[in-house]
Amino acid sequence: MEQTFLDALDICRWDAYAAVGSDVAIMCEGFLRPHVDGDLPGLSSYLTDSVAAAFRLYPAPSHFPDGWEGEIEACRDRLIRAQLAAPIPVHEIGHTGGARIFKSLPIHPRLRLDDQELIENNVRANLCRSYEPMLASDDPVAVASRVAGRESTARESAPNEG
């Protein structure tokens, strides 16, 4: 393959990683918000730190002039803005990430035509598929307790059976 194409594909891959990482943070924000007792700043901080840790698993791509810091700050800002309204339903998340992926695709614009909706819907569908097991297996109260710096046990978050 041509090196120019491979370089453009690498840029698209890292843009997708950053964009969908931010989408995942928004998904988790909506899942956890009802369980953090109004500590929205703590929740956005916790999720931003989690995204930052995931991003920093890899060296920052050369096309990010601020390294991962610009992407981390953009995620933080997006979380704070999201908290100004009701939680975003998971099926509505992914437009932002999908649009960014579409914009960075290493395909000539003439060949893309109206594929942005397809890319966005693919991201949205994958987020929904990721959300289903989270609903079934994760304990949002226990995670919310970690957000608040409190320890929680399954017994504390389970309904009283006595």
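Residues numbered from 1 in each chain as written. Predicted model: local features only at pLDDT ≥ 70, side-chain atom pairs only at ≥ 80, totals over all residues. Heavy atoms only, no water.

Draft legend 1. Structural detail: the pattern of salt bridges. Applying the stated criterion to the full structure yields eight salt bridges. Residue Glu29 is joined to Arg33 by a salt bridge in which the shortest nitrogen-to-oxygen separation is 2.7 Å. Just as Glu29 is buried, Arg33 falls in that class too. Between Arg100 and Glu71 there is a salt bridge, with its nearest N and O atoms 2.8 Å apart. (Salt bridge = Lys/Arg side-chain N within 4 Å of Asp/Glu carboxyl O. Buried < 20%, exposed > 50% of the residue type's maximum accessible area, 1.4 Å probe, protein only.)

Draft legend 2. Layout of helix H6 (residues 116-137). Its 22 residues place the ends of H6 33 Å apart at the C-alpha level, agreeing with the 32 Å of an ideal helix rising 1.5 Å per residue. Buried positions along H6 lie against helix H1 (3-32) and helix H4 (95-104). (Helix = DSSP H or I, 4+ residues; strand = E, 2+ residues; numbered from the N terminus. Expected span 1.5 Å × (residues − 1). Contact = heavy atoms within 4.5 Å.)

Draft legend 3. Region of interest: unusual backbone geometry. In this structure, Asp37 takes a positive phi of about 50° despite not being glycine. Mapped onto the elements of the fold, Asp37 is located in the loop between H1 and helix H2 (40-55).

Draft legend 4. Layout of the environment of Val51. Checked against the element boundaries, Val51 lands in helix H2. When the C-alpha positions of Val51 and Val147 are compared, they lie 14 Å apart, and in sequence the two are 96 residues distant.

Draft legend 5. Region of the structure containing the packing of H1 against H6. Orientation of H1 relative to H6, taken along the N-to-C sense of each, is 40°, at an axis distance of 11 Å. Between H1 and H6, the angle falls in the class oblique. Crossing angle aside, the handedness with which H1 passes H6 is right-handed. Contact residues: H1 offers Val20, Asp23, Val24, Met27, Cys28 and Phe31, while H6 offers Val123, Leu127, Ser130, Tyr131, Met134 and Leu135. In the contact of H1 with H6, the residues fall into 10 nonpolar, one polar and one charged. (Axes fitted to C-alpha atoms, helices over the stretch in contact; angles between N-to-C directions. Parallel < 35°, antiparallel > 145°, perpendicular 65-115°, else oblique. Left-handed = near helix turned anticlockwise from the far one by under 90°. Nonpolar A, V, L, I, M, F, W, Y, C, P; charged D, E, K, R; others polar.)

Draft legend 6. A look at a nonpolar patch on the surface. A grouping of Met1, Phe5, Leu6 and Leu9 is seen on the molecular surface, where their side chains present a nonpolar patch of about 400 Å² in accessible area. Along the chain, Met1 falls in the segment before H1. Residue class for Met1 comes out exposed when judged on its relative accessible area of 80%. (Patch = residues over 30% accessible without salt bridge, like charges linked within 9 Å, V, L, I, M, F, W, Y side chains within 5 Å. Areas by Shrake-Rupley, 256 points an atom, 1.4 Å probe, with all protein chains shown as cover.)

Geometric descriptors of this kind do not, in isolation, establish any biological role.
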